[in-house]
Amino acid sequence: MQFDTRSLWIYLYFPKLHLDVIQRQVNAPEQLALPRVIYDPKANKMLQLNQAALEVGVKKGMGLASASLLCDNLQVHEYNISIEEKALTQIAHQLYLVTSDIALDTPNGLFLRAQNMLNLYGGLQAYWRVLSQVLAKSGVEVQFASAYSVNVAKLLALHKLNKISDDKAHLHKCLLACQLCKTDIDPKDQEKLARIGIKNIQSLFEQPLASLASRVSRFSINVISELRGEAPAKLKFYYPPEHYHDYIELLYDIELVDKLLPIIDKLLLSFEQYLLIRNALSLTIKLTLHQREHPKVEQTINSALAIYKQQDWLSIIALQFEQLKLESAVYAITLTCPKLELADIKNADFFAQKGTHVASLTLLSRLRAKLGDEKVRLLRYSQDFRPERVTQFMPVHLNDTEQQSTQQKRLLSASQSRAHALAHKNEQRVFKDRPGFILAQPETLSEKVTILNGPERIVSGWWDKEHIQRDYFVAQNNHGQQIWVYKTPEDKWFVHGYFV
Amino acid sequence: MNPLLHDLQKKQLVWRAASIEQHKERVSTGYQTLDKALNGGFPKSGLVHIKSLVGLGEMRLVLPAIKAQAQKQFCAFVAAPFLLNAEFLIGEGLTLDKVMIIDITHDKHSTEQKLWSAEQCAKSGACAAIFIWHEKLQVAQAKKLELAAIKGQCLIFLFEAGKHQQTNLPVSLAMSLSRDNRDQQAVNIKVDKQKVGWPLPSFSVKVPYKARMGSPMHKRRGGSRHTLQAANIYALHSKPS
């Protein structure tokens, strides 16, 4: 997208993004006080240092050997650009709640288009106050500047201007004092310009653009003309992802499932805030545990009731993870939510059975989490003369069943609902003399019984090859147990149920 | 007060008849003889321990008492030895969408899972009654279930078929069922323990198996045609014997 050269831009620069991400995960205060550095192994340079490391004497760009000589308890972390990118996306995500036009400048910068927001917030200072609050909450160190052009803002921020103003003259003055080395101009071109004595912006602007055109690359010409305010910049804006996706890398590998729960707790907390802002609930989430030497473990966590609170999810996850066995240590966890449900207003009567309904769904979630989905079932009655076919199992409904039934009632017209009720009543005409327990596999009768009642012949199932012809009797054995036995045409006796 | 008594009471090892109030509310069982013996019926909430072989009519004995409550809340069946018959449950007046069947895998965790499920169902307050089949329940486990049932205001019926002699479990009601071989309709009930009364010797309650009209053996036993037509074969209430 191209923009004119008259809108106000803010650039945010995060000099120590990787370090801040790591320091956020550290909880103990004595751990925080240790000197910590981010190290680039390929160039053998220290990239980011914290305050404690600076005090010890480690400098930016120092090699590993000299740094370790200066300090023996230095915590060294290898530079990983993907962590910075992820953290940048997260900050952009948080800023998206307060400002609309954000462009990512990976790995550690953000462009904000302030011009649109000025009317909304009623002034630059008010807008900046809101922004700084969000940035303070994210806990990263930031250098900032504002300008009427994209690259100028970036340059000023890199020079630690740390001032937000819309005074054109003042900004121009600051710009002229900036050094060329911090711009985006190609380093080879910077060398060329340095050789002819152009080291800062002031001397650069004194030369007409045409004279430089033949000597420096096209890209640098674009940057310079943008700096001069003569050409607009082209940026691609950030849009938040459609599905919730969160990834956290652990400071150290964890093998015990119990120790994972506090970290999952943190993930669930940010998920709860995400849901709260969108007025949404969710029924399923997926947790992926990345193992170091084995493929990753994916766990889908279902809840019978749509929930958003962190404690509710954590109790279900704790139950489900009791059976989980890890083959190797976990170094990262991902939390995704494929689908969000809208939280709707419950219009039902305050004194209706809503209380137990929520309680029953919570109970179902807990039972299914601990025992597994197949172990908790509902029954269904099917009209079949064959006794073994009468009872069928149904998995438990995942949705809010009561809500469904009230919706159904609303949709049916009067006559339709009358027919529906009549059909339901007919369905309930059952044989009332059936036993309470039915054996899944009928056992042969092995003891002496007295016949109390019978016979009742059931011939059925000739249409689907499970043909039965049985004479059922109610019998009682020596212990007083009342059994449902049957006799096949071959005169074999079987036990099929108990009259409980 | 006697320091020994005081000590025992603090540890909740003695129960005084003066603390009868919380157990006074009873639920009618639907059988008049049983109601009379149990001072009104089953307790409103708590653990009921029933020792009986499978098939003596034990569920037909307890289901009428909870029928009313089961329309609004769930009934959970934990670790039943055989499959439950949906037809039977509908015949007894339960609605199938309020019936939950919980199976347990038979491994070393089965006891723990069984008791945990029963406790969760009881504590949630979403269940009217829980039926659990378990042998050799221990005192501590029984206490936990009893407390969970009282907290969730529901009844837990524990069915045990084993014959071994039990130490006294801290339950609200303990009964043993048996049936005389010659008797087809009546079940002998012996109240081993109840919190609001004394244990009682066995008395018999008619829990008939249900039979439909027109079956040949029934016709043989029945009286005149008038009686057959008028008799409600599905009647459950037994007259005082």
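Nothing here was measured: the structure is a model prediction, and the numbers come from that model. (Residues numbered from 1 in each chain as written. Chains lettered and ligands numbered in written order. Predicted model: local features only at pLDDT ≥ 70, side-chain atom pairs only at ≥ 80, totals over all residues. Heavy atoms only, no water.)

1. Things to note about the overall build of chain A
Here is step 1: Assigned secondary structure in chain A consists of 18 helices and 19 strands.
Here is step 2: Burial analysis of chain A (500 residues in total) assigns 46% to the buried set.
Here is step 3: Excluding contacts between residues fewer than 6 apart, the proportion of contacts in chain A whose partners are at least 24 apart in sequence is 60%.
Here is step 4: For chain A, the accessible surface area stands at approximately 26,900 Å², while carbon and sulfur atoms represent 53% of it. (Helix = DSSP H or I, 4+ residues; strand = E, 2+ residues; numbered from the N terminus. Buried < 20%, exposed > 50% of the residue type's maximum accessible area, 1.4 Å probe, protein only. Contact = heavy atoms within 4.5 Å. Areas by Shrake-Rupley, 256 points an atom, 1.4 Å probe, with all protein chains shown as cover.)

2. Some details on the packing of aromatic side chains
Here is step 1: In this structure the tally under the stated criterion is 20 aromatic pairs over all chains.
Here is step 2: Here the aromatic rings of F131 of chain B and F157 of chain B are separated by 5.4 Å at their centres, their planes lie at 20 degrees, and the arrangement is stacked. Residue F131 of chain B is located in strand β7 (residues 127–133), and its partner F157 of chain B is located in strand β8 (residues 155–160); the two are separated by 26 residues in the primary sequence. F157 of chain B matches F131 of chain B in its accessibility class, with the two residues each being buried.
Here is step 3: Ring-pair connections join several aromatic residues into one group, and the members of that group are F437 and Y498 of chain A together with F42, F77, F82, F131, W133, F157 and F159 of chain B.
Here is step 4: Cation over ring: K168 of chain A sits above Y148 of chain A, and NZ or CZ is 4.8 Å from the ring centre.
Here is step 5: Above the plane of the ring of W116 of chain B lies K370 of chain A, whose end atom (NZ or CZ) is 4.8 Å from the centre. (Phe/Tyr/Trp six-rings, centres within 6.5 Å; stacked < 30°, edge-to-face > 60°. Lys NZ or Arg CZ within 6 Å of the ring centre and 35° of its normal.)

3. Notes on the sheet that holds strand β7 (residues 143–147) of chain A
Hydrogen bonding along the main chain pairs the strands of a sheet, whether they run parallel or antiparallel.
Residues and elements named next belong to chain A.
Here is step 1: Reading across the sheet, the 4 strands line up as β5-β6-β1-β7 and stay open at both edges, with antiparallel pairing between neighbours. A strand with exactly one partner marks an edge of an open sheet, and here the two such strands are β5 (102–105) and β7. The mean angle between the axes of side-by-side strands here comes to 20 degrees, regardless of whether they run parallel or antiparallel.
Here is step 2: Judged from the 5 bridges that link them, strand β1 (residues 9–13) and β7 form a sheet pairing that is antiparallel. What sits directly across from Y13, in β7, is Q143.
Here is step 3: Against the sheet, helix α7 (residues 124–138) touches β1, β6 (109–113) and β7, its axis set at about 20 degrees to β1.
Here is step 4: Across the sheet, helix α8 (residues 150–158) is in contact with β1, β5, β6 and β7; its angle to β7 comes to roughly 145 degrees. (Pairing = 2+ DSSP bridges. Axes fitted to C-alpha atoms, helices over the stretch in contact; angles between N-to-C directions.)

4. Quick word on the packing of helix α5 (residues 81–95) of chain A against α7 of chain A
Residues and elements named next belong to chain A.
Here is step 1: Two elements in contact, α5 and α7, have axes separated by 10 Å at closest approach and are oriented at 140 degrees. If you check the angle between α5 and α7, you find them oblique. Between α5 and α7 lies a crossing of right-handed hand. Contacts from I91, Q94 and L95 in α5 reach L131, V134, L135 and S138 in α7.
Here is step 2: For the contact of α5 with α7, a count of residues per class yields 5 nonpolar, 2 polar and no charged. (Parallel < 35°, antiparallel > 145°, perpendicular 65-115°, else oblique. Left-handed = near helix turned anticlockwise from the far one by under 90°. Nonpolar A, V, L, I, M, F, W, Y, C, P; charged D, E, K, R; others polar.)

5. Remarks on the interface of chain A and chain B
Here is step 1: The partner chain B presents 57 residues to the 50 residues of chain A that form the contact.
Here is step 2: Summing the contributions of chain A and of chain B, the shared interface buries around 5,000 Å²; its carbon and sulfur component is 62%.
Here is step 3: The three residues of chain A that bury the most area against chain B are L379, F437 and V500 of chain A, which together make up 14% of that side's buried surface.
Here is step 4: Seen at the junction of chain A and chain B, the total is 3 salt bridges.
Here is step 5: Between R434 of chain A and E87 of chain B there is a salt bridge whose closest N-O contact spans 3.9 Å.
Here is step 6: Counting the contacts that link chain A with chain B gives 16 residue pairs in polar contact (both at pLDDT 80 or more).
Here is step 7: At the level of secondary structure, the elements contributing two or more residues to the side of chain A that touches chain B comprise α16 (354–371), β13 (376–381), β14 (391–395), β15 (437–444), β16 (449–460) and β17 (468–477) of chain A.
Here is step 8: Among the elements that line the side of chain A that touches chain B, the one with the most residues is α16 of chain A, at 9 residues.
Here is step 9: As paired strands, β15 of chain A and strand β5 (residues 83–84) of chain B are joined by 2 bridges and run antiparallel to one another. (Buried area = accessible area lost by both parts, 1.4 Å probe. Salt bridge = Lys/Arg side-chain N within 4 Å of Asp/Glu carboxyl O. Polar contact = N/O pair within 3.5 Å; in protein donor to acceptor, adjacent residues only side chain to side chain.)

6. Points about unusual backbone geometry
Here is step 1: Within the chain, N162 of chain A stands out as a residue other than glycine whose phi angle is a positive 55 degrees.
Here is step 2: Tracing the backbone through its elements, the reader meets N162 of chain A in the loop between α8 and α9 (168–176).
Here is step 3: What makes N162 of chain A partly exposed here is its relative accessible area of 35%.
Here is step 4: Despite not being glycine, K136 of chain B has its phi angle at roughly 55 degrees, a positive value.

7. Overview of helix α10 (residues 187–195) of chain A
Residue and element names in this part refer to chain A.
Here is step 1: Taken residue by residue, α10 has D189, Q190 and L193 as its buried positions. Buried positions in α10, seen along its axis, are confined to an arc of 105 degrees and lie on one side of it. Facing away from the buried surface of α10 by more than 90 degrees, the exposed residues are P187, K188 and R195.
Here is step 2: Buried positions along α10 lie against α11 (201–206), α12 (209–213) and α13 (218–228).
Here is step 3: Immediately beyond the C-terminal end of α10, within one or two residues, lies G197, with a positive phi of roughly 90 degrees. (Arc of directions from axis to C-beta.)

8. A short note on the confidence of the model for chain A
Here is step 1: Confidence in the prediction for chain A averages 80 pLDDT; 89% of positions are at 70 or higher.
Here is step 2: A low-confidence stretch, residues 398–409 of chain A (pLDDT under 50), is modelled with 14 contacts involving residues beyond four sequence positions or located in other chains. (pLDDT = per-residue confidence, 0-100.)

9. Things to note about the sheet that holds strand β4 (residues 75–78) of chain A
All names here are of chain A.
Here is step 1: Taken in spatial order, the 3 strands of this open sheet run β3-β2-β4, and their pairing is mixed. Lying at the two open borders of the sheet, with one neighbouring strand each, are β3 (45–49) and β4. For this sheet the average axis-to-axis angle between neighbouring strands, irrespective of direction, equals 35 degrees.
Here is step 2: As paired strands, strand β2 (residues 36–40) and β3 are joined by 4 bridges and run antiparallel to one another. Within the sheet, the bridge partner assigned to I38 lies in β3 and is Q48.

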